[in-house]
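Survey of secondary and tertiary structure
Chain residues, written in single-letter form:
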Amino acid sequence: MLRALLISLSKAEWAKRLVTRWKVAWKVASRFIAGETLEEAMQVIQNLNAAGLNATVDYLGEHTTDAEEAHRATEATLAILEDIARRNLHANVSVKLSAIGLTVDRALCRQNLERIVSHARSLGNFVRVDMEDSSLVDATLDLIHWCYDQGYTNVGVAIQSYLYRSERDTRRLVERRVPIRLVKGAYKEPPEIAYPRKQDVDANFDRLTDVLLQGVVEAGVPQISADGRIPPIPALATHDEARIRYAQQRAERLGLPKTALEFQMLYGIRRDLQQELVRAGYPVRIYVPFGTHWYPYFMRRLAERPANLWFFVSNFFRR
Ligand code: FDA
């Protein structure tokens, strides 16, 4: 109930105006967001890299309503790629297609995505397309397949284990060797299309982990470059220790090295576990969001864990 309410508030303009007015909201949100400027995000990434963690950078924004805004989001992503290269950071970018025009005009979104993917390729970098709510899944996957049809292989996509359709989508992507980031799913979806019970979402996460690992067995383990850069490998994006253990054990049983898969976590969540995995020899990548449009991202983080909401409320009354 609470999760559904917070997710629907994440889309409400009036709630956004109300919440972002409070200084205390930014105080709590900044636990999950690297800052409002590119410079702040780059500082965070430098520190993560120094601690052995890779990053994927997200310029916050979604559901842009006009071409100009989509253009600005595209330019911002190109600037991030430039800055990563200039500073020689171990980082790639994450992009929400609705930020670069998917909900305005698909042809415009395709053009913007091609600019980003092509620029990333020229810099030897990689683009991860986030998965958004179910109304955008078909269009997102179509654009990913379109990129591969055009010969762009430096792009991957997130797949959500709460959707019934995800095993079919995953198998098709694995066949084409499209790198996948597996997540549980952060939006509110109806039971006709998504598992309503957490245990089923978790069980499907493990099943999809099996599909991804089998894909590595068949395609071979990609090599890490001499300077330690991680090639696109299956990414398991979760803070759930049971899911992580399952993946580790399955990979071991299949005889895969630790570098055959990557764990990904969100900035500000389970730093202890991030470090533990690095110490154990696994590639770990942190999702680093930054920018001024942090409200919906922040609300989804509150929805995932009620304790975050109580932290927010208690800070509000302590002002
Ligand atoms: P689960 O919700 O079961 O949490 C397991 C444990 O993790 C909790 O017990 C708690 O300790 C900790 N935890 C989880 N969320 C927390 C929070 N907000 N604050 C504090 N602790 C928390 N979703 C999507 O739909 N599309 C996408 O593209 C992405 N991309 C993405 C990238 C990366 C790198 C990550 C890690 C996650 C995503 N997600 C996503 C979000 C994902 O779908 C999911 O909502 C969150 O990861 C939370 O689920 P867990 O897998 O952590 O499990």
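The structure presented is a predicted model; accordingly, all values stated were derived computationally and were not measured.

Details of the overall build of the chain
From N to C terminus, the chain includes 13 helices and eight strands. Its C-alpha atoms give the chain a radius of gyration of 19 Å, near enough to 20 Å, the size a compact globule of 319 residues would have. When the backbone C-alpha atoms are referred to their principal axes, the chain occupies close to 55 × 45 × 40 Å. The 319 residues of the chain split such that 41% are buried. Looking at the chain alone, contacts between residues at least 24 apart form 72% of all its contacts between residues at least 6 apart.

Some points on the pairing of strand 8 (residues 284–290)
Counting buried positions over the seven residues of strand 8 gives seven, a clear majority of the element. With burial as the criterion, each face of strand 8 is covered, one bearing Val284, Ile286, Val288 and Phe290 and the other bearing Arg285, Tyr287 and Pro289. Sheet analysis places strand 1 (residues 54–59) next to strand 8, joined by six bridges and oriented parallel. Considered in strand 8, the bridge of Asn54 is made with Arg285. As paired strands, strand 7 (residues 262–266) and strand 8 are joined by four bridges and run parallel to one another. Bridge pairing in strand 8 places Leu266 opposite Tyr287.

Considerations on the environment of Glu69
Along the polypeptide, Glu69 turns up in helix 5 (residues 67–87). Overall, the presence of 17 C-beta atoms within 10 Å leaves Glu69 in the partly exposed class. Spatially, the C-alpha atoms of Glu69 and Thr238 are 31 Å apart, while their sequence positions differ by 169 residues.

Some details on the site of the ligand
Contacts to the ligand come from 23 residues, most closely from Asp130, Ala158, Ala237, Thr238 and His239. Taken together, the elements giving at least two residues each to the shell around the ligand come down to strand 4 (155–160), strand 7 and helix 12 (295–304). In terms of residue count, the dominant contributor to the shell around the ligand is strand 7 (three residues). When grouped by side-chain class, the residues that make up the shell around the ligand number 10 nonpolar, six polar and seven charged.

What about unusual backbone geometry?
A positive phi angle, near 50 degrees, is found at His63, a position not held by glycine. Backbone geometry at Arg270 places phi at a positive 50 degrees, although glycine is not the residue there. Within the secondary structure, Arg270 sits in the loop between strand 7 and helix 11 (271–279). Overall, the presence of 16 C-beta atoms within 10 Å leaves Arg270 in the partly exposed class.

About the criteria used
Residues numbered from 1 in each chain as written. Predicted model: local features only at pLDDT ≥ 70, side-chain atom pairs only at ≥ 80, totals over all residues. Helix = DSSP H or I, 4+ residues; strand = E, 2+ residues; numbered from the N terminus. Rg over C-alpha atoms; globule rule 2.2 N^0.38 Å. Buried ≥ 20, exposed ≤ 12 C-beta atoms within 10 Å, placed from the backbone. Contact = placed C-beta atoms within 7 Å. Pairing = 2+ DSSP bridges. Near = placed C-beta within 6 Å. Nonpolar A, V, L, I, M, F, W, Y, C, P; charged D, E, K, R; others polar.

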